[in-house]
Protein chains: 2
Amino acid sequence: MTKILQRNLYREVADRIGDLIEHGELLPGERISEKQLCDRFGVSRTPLREALKVLATEGLIELLPNRGARVVRLTLKNVKDTYDLMAALEGLSGELACQYISDAEIAAIRQLHDTMLEHYRNRDLMPYFQVNRQIHESILAASNNDVLQEMYSNLSQRIKRVRYSKKMTERYWSQAVKDHENMMAALEKRDSQLLGQILRDHLCNKIEVATLAGVIDTEDDKSAANS
Amino acid sequence: MTKILQRNLYREVADRIGDLIEHGELLPGERISEKQLCDRFGVSRTPLREALKVLATEGLIELLPNRGARVVRLTLKNVKDTYDLMAALEGLSGELACQYISDAEIAAIRQLHDTMLEHYRNRDLMPYFQVNRQIHESILAASNNDVLQEMYSNLSQRIKRVRYSKKMTERYWSQAVKDHENMMAALEKRDSQLLGQILRDHLCNKIEVATLAGVIDTEDDKSAANS
DNA sequence: AAAAGTAATTATGAATTCAATATTCCTTTG
DNA sequence: CAAAGGAATATTGAATTCATAATTACTTTT
């Protein structure tokens, strides 16, 4: 069943602006000029403004009445809140996955898991992260809960721009791998409660937040961000 | 019906359309006529179409390219998925609340709790539900996590139109009250793990889903819904 | 020179207009 | 009479235009 992907102009524009934010071409707190983006994308203001409203709903930008739009300025608390939420969603995905996942899907995740261990042994950080991500996505997909997946995806979008390849300390890395060993065991036993618990406690996200402390604003103030 | 002549027109219109959906004036699967709503609200198509796009992002309606918008048709699975998610979010709210809640806030919730028990003893269903809701909202507010609250609010919006005063069986009702006794105890001990667990397992939502089975479509098909 | 007030400019909010796609209704044909 | 085809109509998608609020630049005053 291939999903119908609707390609409206406004959705296209919204995605493009999302990319600009993710890649840092539009900076946090930066005022977004409608005219400038219209020229850049070659569209009129109508679909562009629709895109801005959608992006505001998705939490990537904020609209100030009569004063335009600006990229949301992520605070440390904001990112921490988001990660707490994502951890809870991952926990739920684990619980549900245990109920619905097929033997074949478990086998596929076991494959990924073993591959990840190989990358860990070789200390190949990037491939490790990539496979790690695939594992979590596979569990999420197996949860059989569309609403959950939609919400997780939205949260993921919001913080994409501050996710980066952090330098794992050996200690945290080995702990993360141990977590994954336990996850794999719980999944193969289909122990939903246990898998849920492990995923909620999985410290991967917590490390990221700690590392981010140096990267983004620590203040929570909403005061004007001048361009 | 008062016409709209206000600021943030698109947001106002979106809320009004949300109300129409909630109160059943716009039915699931029903085609939404732009012109009709424009006349009704006394606005042009521009803010109305912006509102439609926002509502689609919020999951209340769906847009079919070149074929207009329609109210999302909630399936039993869809509602169940949403409730599963909300239960997980409530669990997280409980965990976090234990960390951040003040003694005064706990006392206030204790007050609500006792009031609720009184309503239970008198079998006053409506007041019981109302106070029950306040308790859950208070815990959510105490979680100190804005992203969580925003997301919970969105999910709540989506299923508002199928929430109704269901007839509780005595058995389920007494169990729900017992759950609340345990919640209150866990909160007063600030036992975050326990409170989280109780809230996740709290069967209030599960009853609702069971009851809803007779009200909404059981089929999951996406086939055309004619007006 | 600094501050305040005001005109000029620019940007945003919303309505209207133009273009493309879908739907309806009527005619035609087997 | 049913089905197919096509013109007429209605609806949606997007650009443009008009109105209003905000910003800037400039003048005036102290």
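Residues numbered from 1 in each chain as written. Chains lettered and ligands numbered in written order. Predicted model: local features only at pLDDT ≥ 70, side-chain atom pairs only at ≥ 80, totals over all residues. Heavy atoms only, no water.

(A) Broad picture of the nonpolar core. With 43 residues, the main nonpolar core has A:Val79, A:Leu85, A:Leu89, B:Val79, B:Leu85 and B:Leu89 as its most contacted residues. When residues of this core are traced back to their parent elements, those giving at least two are helix 4 (76-100) and helix 7 (146-159) of chain A together with helix 4 (76-100), helix 7 (146-159) and helix 10 (204-212) of chain B. B:Val79 has contacts with B:Leu74, B:Ile159, B:Val162, B:Leu212 and B:Ile216, leaving out every residue within four places of it along the chain. (Core = buried A, V, L, I, M, F, W, Y, C linked by side-chain atoms within 4.5 Å. Buried < 20%, exposed > 50% of the residue type's maximum accessible area, 1.4 Å probe, protein only. Helix = DSSP H or I, 4+ residues; strand = E, 2+ residues; numbered from the N terminus. Contact = heavy atoms within 4.5 Å.)

(B) Representation of the side chain of A:Thr82 within the structure. Along the chain, A:Thr82 falls in helix 4. Classification of A:Thr82 as buried rests on a relative accessible area of 1%. In this structure, A:Thr82 is in contact with A:Leu155, A:Ile159 and B:Val147, ignoring residues within four places of it in sequence.

(C) A look at the protein's contact with DNA strand D. In the vicinity of DNA strand D, 15 residues are found, and the nearest of them are A:Ser44, A:Thr46, A:Arg67, B:Arg45 and B:Arg49. If you look at DNA strand D and keep only atoms within 4 Å of the protein, 68% of those are sugar or phosphate atoms. A:Ser44 places a side-chain nitrogen or oxygen 2.5 Å from a phosphate oxygen of DNA strand D. Contacts to DNA strand D include B:Arg31, whose side-chain N or O atom sits 3.5 Å from a sugar or linking oxygen. Secondary structure elements with two or more residues in the surface near DNA strand D: helix 3 (45-57) of chain A together with strand 1 (31-32) and helix 3 (45-57) of chain B. Per element, the largest residue contribution to the surface near DNA strand D is 3 residues, and it comes from helix 3 of chain A. Split by residue class, the surface near DNA strand D holds 3 nonpolar, 6 polar and 6 charged. (Near = heavy atom within 4 Å. Polar contact = N/O pair within 3.5 Å; in protein donor to acceptor, adjacent residues only side chain to side chain. Nonpolar A, V, L, I, M, F, W, Y, C, P; charged D, E, K, R; others polar.)

(D) A look at the sheet that holds strand 1 of chain B. All names here are of chain B. The strand order across the open sheet formed by 3 strands is 1-3-2, and the pairing between neighbours is antiparallel. Each edge of the open sheet is held by one strand with a lone partner, namely strand 1 and strand 2 (61-63). Examined bridge by bridge, strand 2 and strand 3 (residues 69-71) share 3 bridges and lie antiparallel to one another. Considered in strand 3, the bridge of Ile61 is made with Val71. Contacting strand 1, strand 2 and strand 3, helix 3 crosses the sheet at an angle of about 115° to strand 2. (Pairing = 2+ DSSP bridges. Axes fitted to C-alpha atoms, helices over the stretch in contact; angles between N-to-C directions.)

(E) Broad picture of the relation of the copies chain B and chain A. Laying chain B over chain A is done by rotating through 180° and shifting 0.0 Å along the axis; what remains is an RMSD of 0.1 Å. The superposition operator between the copies reduces to a two-fold rotation axis. Comparing interface residues between copies, 97% of those in chain B also sit at the interface in chain A, which points to an isologous, same-surface contact. (Least-squares fit on C-alpha atoms with pLDDT ≥ 70 in both.)

(F) The protein's contact with DNA strand C, seen in detail. Close to DNA strand C lie 17 residues; A:Arg45, A:Arg49, A:Asn66, B:Ser44 and B:Thr46 are nearest. Backbone sugar and phosphate groups make up 68% of those atoms of DNA strand C lying within 4 Å of the protein. Here a base nitrogen of DNA strand C and a side-chain polar atom of B:Thr46 are 2.7 Å apart. With 3 residues, the single largest contributor to the surface near DNA strand C is helix 3 of chain B.

(G) Broad picture of the confidence of the model for chain A. Residues and elements named next belong to chain A. Taken over all residues, the pLDDT of chain A has a mean of 90, while the share at 70 or more is 89%. Considering each helix and strand of chain A separately, the mean pLDDT is smallest for helix 10 (residues 204-212), with a value of 71, and largest for helix 3, with 98. Contacts of residues 220-227 to residues separated by more than four positions or lying in other chains number 6 contacts, the stretch itself having pLDDT below 50. (pLDDT = per-residue confidence, 0-100.)

(H) View of the sheet that holds strand 3 (residues 69-71) of chain A. All names here are of chain A. Overall, antiparallel pairing links the 3 strands, which are arranged 1-3-2 in an open sheet. Because the sheet does not close on itself, it has two edges, and the strands there are strand 1 (31-32) and strand 2 (61-63). Bridge count between strand 1 and strand 3: 2 bridges; the pairing is antiparallel. The residue bridging Ile32 from the neighbouring strand is Ala69, located in strand 3. Helix 3 rests against strand 1, strand 2 and strand 3 of the sheet, and its axis sits at about 115° to strand 2.

(I) Region of interest: helix 8 (residues 170-188) of chain A. All names here are of chain A. Taking 1.5 Å of rise per residue, 19 residues should cover 27 Å, and helix 8 covers 27 Å from first to last C-alpha, within 8% of that figure. For helix 8, the set of buried residues is Trp173, Ala176, Val177, Asp179, His180, Met183, Met184, Ala186 and Leu187. Tucked into the core, helix 8 has its buried residues touching helix 4, helix 5 (103-122), helix 6 (125-142) and helix 9 (192-201). One or two steps after helix 8, the chain reaches Arg190, where phi turns positive at roughly 55°. (Expected span 1.5 Å × (residues − 1).)

(J) Just the interface of chain B and chain A, in detail. Tallying the contact residues gives 37 residues for chain B and 38 residues for chain A. Taking both sides of the interface into account, the surface hidden between chain B and chain A amounts to around 3000 Å²; carbon and sulfur atoms contribute 57%. The salt bridge partner of B:Lys53 is A:Glu50, with a shortest N-O separation of 3.7 Å. Counting across the interface, chain B meets chain A through 6 residue pairs in polar contact (both at pLDDT 80 or more). (Buried area = accessible area lost by both parts, 1.4 Å probe. Salt bridge = Lys/Arg side-chain N within 4 Å of Asp/Glu carboxyl O.)

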